[in-house]
Structures are given as structure tokens and as C-alpha cells.
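# Structure assessment
Chain by chain, the residues:
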Amino acid sequence: MEESIAKLMQRKAGPDTVVVKGWLRTKRDSKTISFLEVNDGSSLKGIQVVVDKGTFNNPGIIDQLSTGCSVVCTGKIVESMGGSQSVELAADSVEIVGECPSDTYPLQKKRHSLEYLREIAHLRPRTNTIGAVARVRNCMAYAVHTFFQQNGFYYVNTPLITASDCEGAGAMFQVTTLDLNKVPHTADGAVDYSKDFFGKRASLTVSGQLEGETYAMALKNIYTFGPTFRAENSVTKRHLAEFWMIEPEMAFCNLDGDRAVVESFLKFVFGAVLRDCPDDLEFFDKLVEPGLIAKLQHVVDTPFAHLEYTDAIAELEKAKVQFDFKPYWGCDLQTEHERYLSETVCHGPVAVTDYPKEIKSFYMKANEDGKTVAAMDVLVPRLGEIVGGSEREYRYDVLVDKMKALGMREEDYWWYLDLRRFGSVPHAGFGLGFERAVMYATGMQNIRDVIPYPRAVGSAEF
RNA sequence: UCCCCUGUAGCUCAGUCGGUAGAGCAGGUGGCUGUUAACCACCCUGUCGGCGGUUCAAGUCCGUCCGGGGGAGCCA
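A short tour of the structure in this document, coming up. The shown structure was predicted, so the numbers you read here are calculated from the model rather than taken from an experiment. For every chain, the first residue of its written sequence is number 1, and the numbers climb from 1 along that sequence. Whichever chain is written first becomes A and whichever ligand is written first becomes 1, with later ones labelled in order. Given that the model is predicted, a residue must reach a pLDDT of at least 70 before its local features are reported, and side-chain atom pairs must reach 80 or more before they are shown or counted; all residues, however, enter totals for whole chains, interfaces and linings. To obtain the side-chain values, all non-hydrogen atoms of the structure were used and water was disregarded.

Criterion for a disulfide: a pair of cysteine sulfur atoms at a distance within 2.5 Å. Evaluation of the coordinates by the stated rule reveals 0 disulfides. C100 supplies the cysteine sulfur nearest to C69, a cysteine that is in no disulfide, at a spacing of 6.9 Å. Looking at C346, it has no disulfide partner, and the nearest cysteine sulfur is the one in C331, 16 Å off. Here's how the labels work: a residue is buried when its accessible area is under 20% of the maximum for its type, exposed when over 50%, partly exposed in between, all with a 1.4 Å probe on protein chains only. Relative accessible area serves as the criterion here: at 18%, C346 is assigned to the buried category.

Rendered as C-alpha cells:
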């Protein structure tokens with residue numbers, strides 16, 4: 001394996017000949033000397049390659065170098081005379097691997113708008129911002145697996161194509177091989193899905209939770225981490241049609257246990273970014289969200305507060321600030337409420353639990369009071385909700401009654417109900433939208449800038 | 001789906017009361033310098049998103065369609 005530029009720049013000056021491969025970000029020329037900044041994505045800042053035209057064997061090549069071209073440079077690591085880097089490469093040779101015509105190359109040595117970069121999503125990872133996002137995203141994905149693996153969770157791959165509409169979490173994308181110009185019909189005029197690929201109507205999954213629960217009933221602690229799809233007709237900076245979700249599920253676990261896992265999980269993931277991506281975070285802190293590092297450090301250092309929904313509403317009702325939406329018992333918390341609870345009441349992350357059953361999903365465990373369910377949202381400063389979770393209803397009769405009340409058909413969930421018939425145990429879990437977490441860690445304001453190729457309504461270029 | 005904003009040079013944007021378009025950056029040329037988004041001078045660059053309308057005259061006003069952004073709803 002070749003040494004990355006990030007590794008090379010940690011070296012001390014030495015007599016060894018080293019090779020630098022990467023893309024030219026900028027060239028600063030003078031009569032006798034030329035400075036090249038070469039980046040290979042291993043760090044925000046590239047290595048400075050210095051060409052002394054007097055001793056260089058191929059000075060003509062310098063004129064052919066332009067922003068974006070790929071190069072192979074060989075030379076020795078030397079101490080830098082400039083102020084912005086400790087070492088640099090004194091080049092013996094520079095070779096152009098792929099040229100990059102400057103009159104048509106869409107990226108320039110200047111700041112571009114993120115909107116413009118979205119139009120050239122295939123080139124934008126070469127920019128500072130999107131490159132840094134990619135490294136932070138990678139760090140977080142690795143940390144997610146590390147956290148669960150270290151704590152005895154098994155990684156379960158739940159299906160992407162499903163025939164069940166989990167919890168009605170959102171509009172679904174239909175999956176079919178039927179000829180849309182010749183859709184087969186049954187005698188009563190409905191679409192005849194028995195002729196379709198799966199013999200029944202199928203869709204892309206909106207959540208792997210129900211399938212995840214089945215494996216938690218065997219492996220005790222599991223997690224999923226994969227793509228999820230919502231055909232929601234919403235174009236916002238916080239929604240995607242295709243996004244990645246993390247959904248752990250723990251058997252023999254109640255809501256308090258769930259809350260404890262969330263807290264250590266979030267602290268671990270954000271802690272990993274603080275530890276492993278300091279340069280990228282500094283960049284985001286400086287140019288994207290001032291105070292970002294302090295915000296993340298605060299999440300890592302502060303014990304999460306805990307408020308029951310009823311107490312949270314009481315706090316909101318006595319708040320001195322004017323909300324756009326007046327809070328009352330039974331209302332769903334608006335983002336403004338969530339931020340107030342986290343920022344003003346708790347001064348840090350807070351888990352709000354025990355919500356009214358009417359505003360939560362069918363599978364959440366009913367509490368003794370008959371009014372609330374064992375649900376939990378983790379709220380963080382500046383963002384609001386970052387995680388939603390619950391203890392699941394594990395009592396067969398209670399669950400069936402609830403489904404009936406909602407008009408759900410038992411036979412559609414026969415396998416899910418089987419879990420409550422055969423060795424049922426209290427269990428709990430939560431879901432985290434990975435891109436939302438990456439937004440929080442980077443300060444990026446639009447979800448389309450934290451995933452390589454965003455899919456949204458009317459937008460699936462590339 | 002609803003509401004608001006927006007579309008002008010390769011990029012970021014200005015363009016007043018309607019009178020046939022301008023700056024910075026990028027690019028080109030030359031100069032200068034161990035430079036750091038280098039710097040200095042000069043030069044080049046336009047179906048003003050599309051279509052239609054009002055007007056002597058439309059980048060500017062009106063209608064409509066398309067693209068982009070933000071908010072609401074819904075959520076992860």
C-alpha cells in the first residue's frame with residue numbers, strides 16, 4: 001500500500017526518495033521556482049511540492065500543469081521555508097498522468113456555492129468542503145460499527161425489498177416487474193399482483209426495525225445499518241428519498257436501558273470524529289458552523305438529561321418565550337420546542353420519554369397510565385430531535401388490540417405477532433438517520449451535501 | 001401539496017424611475033515575488049432561464065412554463 005499524503009506530511013525531513021500521487025489544487029509560479037499543492041483526499045490540506053526550475057530536468061512540464069490535473073511527483077521530504085507547513089516535497093520529477101483543461105474544468109480555485117456543486121456531484125468530492133464531509137462520514141460509519149461490535153451487538157442485514165408496510169412510516173416506492181403499459185387486472189378490476197415478480201405487491205423498505213426485532217429475539221443485541229427509502233413528496237434540506245439508517249434492537253431491555261445505549265452510542269460516535277478528524281472539524285468550525293467543536297465536545301462531556309413528556313410540556317407552558325406553536329399536552333413537539341428543551345431547559349442533550357400514545361407508532365409499549373407509551377426522543381442543541389426510539393409492545397393481546405384499533409390487518413403482520421407468541425421478552429431500540437448525524441457533526445445545513453449522490457423528488461441525476 | 005424568494009459572463013453577484021448590460025474571481029498575455037485562495041497591469045467573455053403579452057422602447061412591468069433555494073406539513 002502506498003503512503004498517503006496525510007502520512008507523508010507527518011514525516012520528518014529525510015534522504016529517502018518518496019512518491020506523491022494526487023490531483024493538483026493550485027500552482028503558484030515564479031521565474032525560478034514553482035509551488036504545487038497536491039491533494040489525494042487523505043487530508044484537507046495537500047502537500048506542497050516545490051520545483052526548482054534551475055535544477056529540474058523537465059521545466060517545460062510546469063507550464064502544462066493546471067488545476068485538477070493528476071500528477072505523480074517524486075522527490076525528498078524537506079523542511080519547509082514557508083510558514084504554512086512544516087515539511088514539503090522537493091521534487092526531482094513531476095509527471096502528468098491525466099491533464100485537465102482549465103477552460104472547461106468546472107471547478108476553480110475559489111469558493112463555489114453548494115448549490116452549484118450539487119450540479120457537478122461527480123466532481124465535488126475534490127473540493128475542500130465535500131472532501132471533508134466524506135472523511136467525517138467515513139469516520140462516523142466506522143465508529144457506528146466499532147461501537148456496536150465492541151458492545152456485543154450483531155450486524156444484521158434486513159431486506160431492502162419488503163412486502164410489509166412497517167408502521168406506515170411513510171410513502172413507499174413500489175417495486176415491480178409488471179409492464180406498466182399492460183398491467184394485468186383481476187376480475188374485479190384491481191391490479192393482479194399475483195402476476196408480479198414476487199406474486200404480491202412489494203416495495204422498498206422504510207425501516208428494518210420489524211425484521212431487526214426478529215433477530216434481537218434470537219441474538220439478543222443487534223443493529224442494522226443500511227439504506228432506507230421514503231417516497232414522501234417533500235423537498236426540504238432535511239429529507240432524502242434514499243438515506244441510511246441505524247437501528248439497534250436489544251432484547252431484555254426496557255426504555256431506561258434504551259436511553260443508556262443511545263447516550264453512550266452518540267458520545268462514542270461524536271467522540272470518534274473529535275479524535276480522528278480534527279483538521280476537518282476545524283475547517284467546519286471556521287467556515288461552516290462557528291462553535292461546532294464546542295457543541296460536539298459538549299455532547300460528549302455532558303450527561304444526558306431526562307424529561308418525561310408531561311414535564312416537558314409543563315416546562316414549555318411556563319416558558320417566557322413566544323412559540324409559533326403553542327404547546328399543550330397531547331401535541332407533538334415542534335422543532336422550536338425541542339430546541340428550547342435542549343438549549344434553555346437542559347443546557348445539553350435531553351431524552352424526552354413517555355409521549356401520548358396518539359402521536360406515536362403502534363408497536364410502542366403502552367404505559368400503565370393508559371395515556372402514554374414508552375417512547376423516547378433524544379433532543380440536542382441546535383438541531384432538535386436526533387434519535388427516536390421506544391420500548392416495544394411485547395404483550396400479544398395488547399399489541400393485537402392496538403392494531404385492530406388502527407385498522408391494521410393481523411394477517412399482514414403474522415410473523416411479527418409470532419414474536420409475541422413464542423418466547424416474547426421486553427425489548428427496545430432506536431433509529432438514527434445517519435445523514436442527520438453527519439449534518440450535526442459537520443454543521444452542514446443541507447442533507448444533500450452530506451451524502452454523495454442525493455436522491456429526492458424529481459432529482460436522481462448521476 | 002401549499003406559501004415565499006430566486007434565475008444576468010465559466011463561477012459569485014450588482015443593475016435605481018422601463019431607455020439595447022457591469023464588478024470581482026476564473027481564463028489569456030506580460031511582469032514580479034519562498035509562494036500559501038500569491039500579487040500587479042492589460043485583454044477576452046453575454047440567446048439577461050424558455051415562451052407569450054403590455055410599450056415607441058423590457059434584464060426591469062404582466063401572464064405562463066421550467067430550474068434552483070428557503071419555509072410549512074411529515075418525518076429519520
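Now that the structure is up, let's keep going.
Attention now moves to helix α9 (residues 309–317). Taken residue by residue, α9 has Y309, A312, I313 and L316 as its buried positions. Taken down its axis, α9 places every buried residue within 100° of arc, on the same side. Buried-residue contacts for α9 involve β12 (305–308), α10 (335–345) and β13 (350–356). Labels follow the DSSP assignment, with helices taken as runs of H or I lasting at least four residues and strands as runs of E lasting at least two, numbered in each case from the N terminus. The arc in question is traced by the directions running from the helix axis to the C-beta atoms. The contact definition used throughout considers only heavy atoms, calling two residues in contact when any of these lie within 4.5 Å.

Turning our attention to the sheet that holds strand β7 (residues 161–162). Two strands in a sheet stick together by hydrogen bonds in their backbones, pointing the same way (parallel) or opposite ways (antiparallel). The strand order across the open sheet formed by 3 strands is β7-β9-β8, and the pairing between neighbours is antiparallel. Whereas interior strands pair on both sides, the edge strands pair on one side only; in this sheet they are β7 and β8 (174–175). Strands are treated as partners if at least two bridges between them are detected by DSSP. Of the strand pairs in this sheet, β7 and strand β9 (residues 202–204) are connected by 2 bridges, and their pairing is antiparallel. When the sheet's bridge partners are listed, I161 is paired in β9 with L204.

This next bit is on the pattern of salt bridges. Criterion for a salt bridge: a side-chain nitrogen of Lys or Arg within 4 Å of a carboxyl oxygen of Asp or Glu. A complete count under the given rule lists 24 salt bridges for this structure. The residue D449 makes a salt bridge to R118 at a minimum N-O spacing of 2.7 Å. Placement of D449 in the segment after α13 (434–442) and of R118 in helix α3 (residues 114–119) is noted, with a sequence separation of 331 residues between them. Each of E213, E249, R392 and R420 takes part in salt bridges that share partners, so that together they form one network.

Purely geometric numbers; function is a separate question.
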